[in-house]
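Commentary on secondary and tertiary structure
Each chain is listed here by its residues.
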Amino acid sequence: MKFRLFLLLLFFTFSATITNAQISLGNDLSEIDYSTPKEYEIGGITVTGVQFLDNNMLILISGLSVGEKITIPGEKISTAIDKLWEQGLFENIKISATKIQGHTIFLDFFLQERPRLSKFRFTGIRKGEADKVREEIKLSSGDVITENVITRTSNSIFSYFNKKGYLNTTVQIKQIPDTAVSNSVMLLIDVQKNKKVKIAEINIHDNQYLSDNKVRKALKETKRKRIYHLFKSSKFIQDDYKADLEKIIAKYNELGFRDAKIVKDSVSKVNNKLVNVDIWVYEGKKFYFNNITFVGNTKYSSKQLGDILKIRKGDVYNQNALNQNISFNPNGYDISSLYMDDGYLFFQAIPVEVQVNNDSIDIEIRIREGKQARINKVTIKGNTKTNDHVVIREIKTIPGQLFSRSDIIRTTRELAQLRYFNAETIKPVPTPNPENGTVDIEYQVEETSSDQVEISGGWGGGMVVGTLGLSFNNFSARNIFNGKAWKPLPSGDGQKLSLRGQTNGQYYYSVSASFTEPWLGGKKPNALSVSVYHSKQTNGYASDNASYASLTINGITVGLGKRVKWPDDYFTIYHAVSLQNYTLNNYGSLFSFSNGYSNNLNYGLTISRNSIDAPIYARSGSELSLSMQFTPPYSLISKKDYSKQTDQEKYKFLEYHKWKFKASWFFNLTGKWVLNTKARFGFLGYYNKDVGYPPFERFYLGGDGLSGYALDGRELVAMRGYGNNSLTPKNGTNYVGGNVYDKYTVELRYPLSLNPNATIYGLAFIEGGNAWSAFKEFNPFNMYKSTGFGVRIFLPMFGMLGLDWGYGFDKVPGFTDASGGQFHFSINQSID
């Protein structure tokens with residue numbers, strides 16, 4: 001049969017899946033006999049119907065080309081349709097013959113494109129969740145919308161929420177034609193998370209050595225629904241569950257069951273809110289260490305290495321302990337540290353099980369010491385604000401020295417202590433050069449804001465006092481006159497400039513300024529600090545009023561600090577000389593005289609040791625400080641009888657000696673949990689009993705340590721669970737301050753966020769302390785006690801903010817509400 005007007009539609013084996021793919025003949029073309037296939041040469045190919053795709057590329061994909069000979073009907077046309085359809089870009093494909101001249105045929109590909117994505121939006125979830133889901137599904141404008149895309153998107157969303165415990169999540173995706181853009185659709189993605197699924201029961205099967213509860217305890221994040229799981233929820237989180245299964249095996253391995261494994265596990269649905277978890281374990285045999293030998297060691301003897309390994313014949317076989325004691329033991333020294341601290345960067349130690357005899361395993365530790373490596377280049381990357389010399393002077397790894405892992409760890413700690421960089425992301429990157437026995441070290445840092453603003457209000461003297469302070473902790477004094485360096489202030493040289501003002505408007509104001517150069521001269525870590533301050537309090541009258549009264553205080557302090565290397569290089573010594581002048585004009589509320597002056601010239605010495613690993617959220621190390629403050633013993637030098645002198649004469653030059661001790665230790669208990677124990681002690685003494693204790697520089701204990709302002713040099717010591725100053729000795733109804741105090745604190749901390757832009761951690765505490773008028777009254781066991789909890793938020797701009805609730809257990813004589821439940825707020829300080 002002959003047909004002129006069209007090519008017969010081809011439906012071969014692909015017709016079941018390609019229902020819209022066709023081949024046809026135009027209306028006025030030459031005849032084709034389909035009972036007798038005929039060979040043609042392709043004279044030309046055109047593509048119609050497409051808007052966004054390249055015509056030549058589509059022809060290339062089809063496999064057909066001009067000049068090629070094809071048979072109609074034949075497989076080449078069918079194959080061309082298959083290839084185009086496989087691209088997933090078209091809803092309809094039709095191949096037509098537009099003209100036939102003898103044995104030459106001209107073809108046209110009509111391709112109807114699938115719609116493209118113009119935009120999409122979510123309903124049913126919060127904006128923050130939607131932003132995270134966008135990253136998961138990876139949809140973008142212009143994507144071709146296929147069934148596969150819809151299915152993949154739906155599955156990705158379900159998987160995302162499934163991993164977070166929303167096992168009943170439903171996803172519906174609607175395609176809405178976009179009339180503004182041709183052949184485009186908008187996707188409306190409705191997500192219903194529903195409630196998280198919780199775990200009803202965790203059933204352990206086939207365990208014999210460990211009880212069910214001990215196996216469950218190994219699951220750190222996957223817990224049953226029980227009221228005693230205060231810090232862990234019972235929500236089922238898929239990723240946490242898979243990680244916890246590995247922890248079960250790790251627990252068994254620590255106990256010698258090296259062949260332990262999870263045989264199978266299942267999660268079965270109880271209802272829409274609960275699931276049951278079943279875990280089958282294979283414990284296997286318990287193994288023990290037998291003979292442990294070292295091979296290849298020449299630098300250190302086997303006995304030396306064995307002492308560091310700390311594993312003896314007969315110990316329970318623990319692969320993790322073996323590996324840790326060979327390399328990177330987080331809780332102590334290891335064999336790798338021994339070698340690497342002496343330059344053996346290329347050192348390797350491989351433990352091999354050489355014999356298993358019943359339940360005993362012989363271990364051979366094969367050591368390749370290699371050559372000692374020396375440091376070649378040391379570079380810093382990421383310090384966009386801080387100048388190189390500020391970072392370099394803190395680096396302990398010096399070119400030319402032998403490589404030392406301890407020096408790298410110490411350098412990381414010193415860079416964190418600067419507080420210019422994110423302590424959590426400081427990363428040393430050693431690049432070994434085995435061919436010449438050297439190593440290049442790059443320290444990668446991330447700048448974070450170090451400047452701070454203090455804005456606070458307090459209550460003191462029956463009035464509200466406002467405070468504004470600015471601290472520029474990475475200042476550059478040498479660039480003050482360099483206009484290009486003001487961004488907004490000259491910075492990058494590691495100096496500190498602080499400005500602070502305090503006032504209540506009419507009665508009181510104070511201003512202070514301080515400057516610290518941590519590397520005086522630029523060659524040694526000798527810190528010079530200078531501070532000046534001025535304050536004035538009046539009774540509110542005009543200065544020309546006969547009743548006008550005022551107290552003016554001017555002061556200056558010059559200090560010099562130095563890092564020392566003995567007993568170790570964590571120690572610093574700080575010397576300071578201070579001078580304060582008190583001028584009284586008809587002012588009688590501070591001293592027993594109302595007109596005159598008093599001078600306070602003193603020398604201070606502080607010996608401190610700081611080995612904490614991070615300044616904001618420390619996990620290990622300690623802070624110890626012993627400070628002494630002395631004035632000259634004027635009364636011992638003078639021949640005056642001070643028992644007969646007026647107070648003006650006694651206090652013309654103030655005299656005292658003051659001692660303070662602080663200690664704080666940090667212990668990483670497990671994971672991110674940190675235990676912090678602290679102790680404080682203070683004592684204020686006199687030289688001459690006829691002069692007695694000075695009426696200033698005393699200790700005021702209780703509360704948050706933020707009670708207004710102080711004109712007499714008093715030291716405010718916080719004590720949570722009690723009112724401000726409520727634990728301070730009194731004279732009648734007036735607080736006169738303590739001359740001796742002690743305080744002890746235990747805190748348990750857990751970080752909620754270690755982001756340098758907002759470091760947050762929670763804490764629970766118990767503490768005790770007291771203050772006394774004289775040393776003879778001191779009794780370290782007579783303490784006011786309290787407990788409570790709180791939170792700390794470190795914001796680079798404002799410093800450390802704290803909120804605590806404390807409960808004081810002991811009644812305070814003379815006060816009905818000084819103890820019990822108390823809220824305490826702190827700003828830019830630590831309540832310790």
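Being a predicted model, the structure only gives us computed values, none of them experimental.

One open sheet holds the three strands; their spatial order is β14-β16-β15, and the pairing between them is mixed. What marks the edges here is a single partner per strand, and that holds for β14 (288–295) and β15 (348–357). Neighbour to neighbour, the strand axes of the sheet diverge by 25 degrees on average, direction disregarded. Relative to strand β16 (residues 360–368), β15 runs antiparallel, the two sharing nine bridges. Residue pairing for β16: Gln-348 is matched across the bridge by Arg-368. Relative to β14, helix α7 (residues 302–309) is tilted by about 140 degrees, and along the sheet it contacts β14 and β16. With respect to the sheet, helix α8 (residues 319–326) is in contact with β14, β15 and β16, its orientation differing from that of β15 by roughly 150 degrees.

Another point: the environment of Gly-492. By the element assignment, Gly-492 lies in the loop between β21 (463–475) and β22 (495–503). Through-space distance from the C-alpha of Gly-492 to that of Asn-271 is 60 Å; in sequence the pair is 221 residues apart. Excluding residues within four positions of it along the chain, Gly-492 makes contact with Lys-385, Thr-386, Asn-387, Val-390, Asn-474, Phe-475 and Ser-476.

Interhelical geometry of helix α3 (residues 127–137) versus helix α4 (residues 147–163) gives an angle of 125 degrees and a closest axis separation of 9 Å. Judged by the inter-axis angle, α3 sits oblique to α4. In the crossing of α3 with α4, the sense of the turn from one axis to the other is right-handed. Mapping the contact onto sequence places Glu-129, Lys-132, Val-133, Glu-136 and Ile-137 in α3 and Arg-152, Thr-153, Ser-156, Ile-157, Tyr-160 and Phe-161 in α4.

On to the nonpolar core, then. The biggest cluster of nonpolar side chains holds 24 residues, and the ones touching the most others in it are Leu-551, Tyr-582, Leu-584, Leu-701, Tyr-722, Leu-727 and Val-812. Mapped by element, the contributors of at least two residues to this core are β25 (550–564), β26 (571–585) and β31 (699–701). Membership of the second largest hydrophobic core comes to 23 residues, among which are Val-50, Ile-77, Ile-95 and Ile-105.

Buried within helix α1 (residues 55–62) we find Leu-58, Ile-59 and Ser-62. Looking down the long axis of α1, one finds its buried residues gathered within 100 degrees of arc, a one-sided arrangement. Exposed positions of α1 whose direction lies more than 90 degrees from the buried face are Asn-56 and Leu-60. Structurally, α1 contributes buried residues whose contacts are with β4 (38–48), α2 (75–85), β6 (90–101) and β7 (104–113). The distance from a side-chain oxygen at the start of α1 to the backbone nitrogen of Asn-56 is 3.3 Å, and the residue carrying that oxygen is Asp-54. Backbone geometry just after α1 places Gly-63 at a positive phi near 90 degrees.

Taken together, three strands build an open sheet; the order of strands is β11-β13-β12 and the sheet is mixed. Each of the sheet's edge strands pairs with one partner strand only, and the pair in question is β11 (198–205) and β12 (261–269). Taken over all neighbouring pairs, the strand axes of this sheet differ in orientation by 15 degrees on average, direction set aside. Two elements, β12 and strand β13 (residues 274–282), share eight bridges in a ladder whose sense is antiparallel. Looking across to β13, one finds that Lys-261 is bridged to Tyr-282. Contacting β12 and β13, helix α6 (residues 238–254) runs over the sheet at an angle of about 145 degrees to β12.

This part covers unusual backbone geometry. The residue after Lys-487, namely Pro-488, is reached through a cis peptide bond having omega -10 degrees. Topologically, Pro-488 is positioned in the loop between β21 and β22. Put simply, Trp-566 and Pro-567 share a cis peptide bond, and its omega is 5 degrees. Assignment of secondary structure puts Pro-567 in the loop between β25 and β26. Even without glycine at this site, Asn-183 takes up a positive phi of about 50 degrees. Among the secondary structure elements, Asn-183 is positioned in the loop between β9 (170–177) and β10 (184–192).

On average, residues of the protein carry a pLDDT of 87, and 92% of them reach 70 or more. Counting interchain partners and residues more than four positions distant, the pLDDT-below-50 stretch residues 1–23 has 64 contacts. Overall, residues 25–31 carries pLDDT values under 50, and its contacts beyond four positions in sequence, including any with other chains, amount to 29 contacts.

Burial of strand β19 (residues 438–444) is extensive: five of the seven residues sit out of reach of the surface. Looking at chain direction, strand β17 (residues 374–381) and β19 are connected through six bridges and run parallel. Note that in β19 the partner of Ile-375 across the bridge is Val-439. Pairing of strand β18 (residues 427–433) with β19 involves seven bridges; the strand directions are antiparallel. Across the sheet, residue Pro-430 finds its bridge partner in β19, namely Ile-441.

On the surface, Lys-214, Lys-217, Lys-220 and Lys-251 cluster together into a positively charged patch. Relative to the elements of secondary structure, Lys-220 occurs in the loop between α5 (212–218) and α6.

Definitions and cut-offs
Residues numbered from 1 in each chain as written. Predicted model: local features only at pLDDT ≥ 70, side-chain atom pairs only at ≥ 80, totals over all residues. Heavy atoms only, no water. Pairing = 2+ DSSP bridges. Helix = DSSP H or I, 4+ residues; strand = E, 2+ residues; numbered from the N terminus. Axes fitted to C-alpha atoms, helices over the stretch in contact; angles between N-to-C directions. Contact = heavy atoms within 4.5 Å. Parallel < 35°, antiparallel > 145°, perpendicular 65-115°, else oblique. Left-handed = near helix turned anticlockwise from the far one by under 90°. Core = buried A, V, L, I, M, F, W, Y, C linked by side-chain atoms within 4.5 Å. Buried < 20%, exposed > 50% of the residue type's maximum accessible area, 1.4 Å probe, protein only. Arc of directions from axis to C-beta. Polar contact = N/O pair within 3.5 Å; in protein donor to acceptor, adjacent residues only side chain to side chain. pLDDT = per-residue confidence, 0-100. Patch = residues over 30% accessible without salt bridge, like charges linked within 9 Å, V, L, I, M, F, W, Y side chains within 5 Å. Areas by Shrake-Rupley, 256 points an atom, 1.4 Å probe, with all protein chains shown as cover. Salt bridge = Lys/Arg side-chain N within 4 Å of Asp/Glu carboxyl O. Lys, Arg positive; Asp, Glu negative; His and termini not counted. Charge placed at Lys NZ, Arg CZ, Asp CG, Glu CD.

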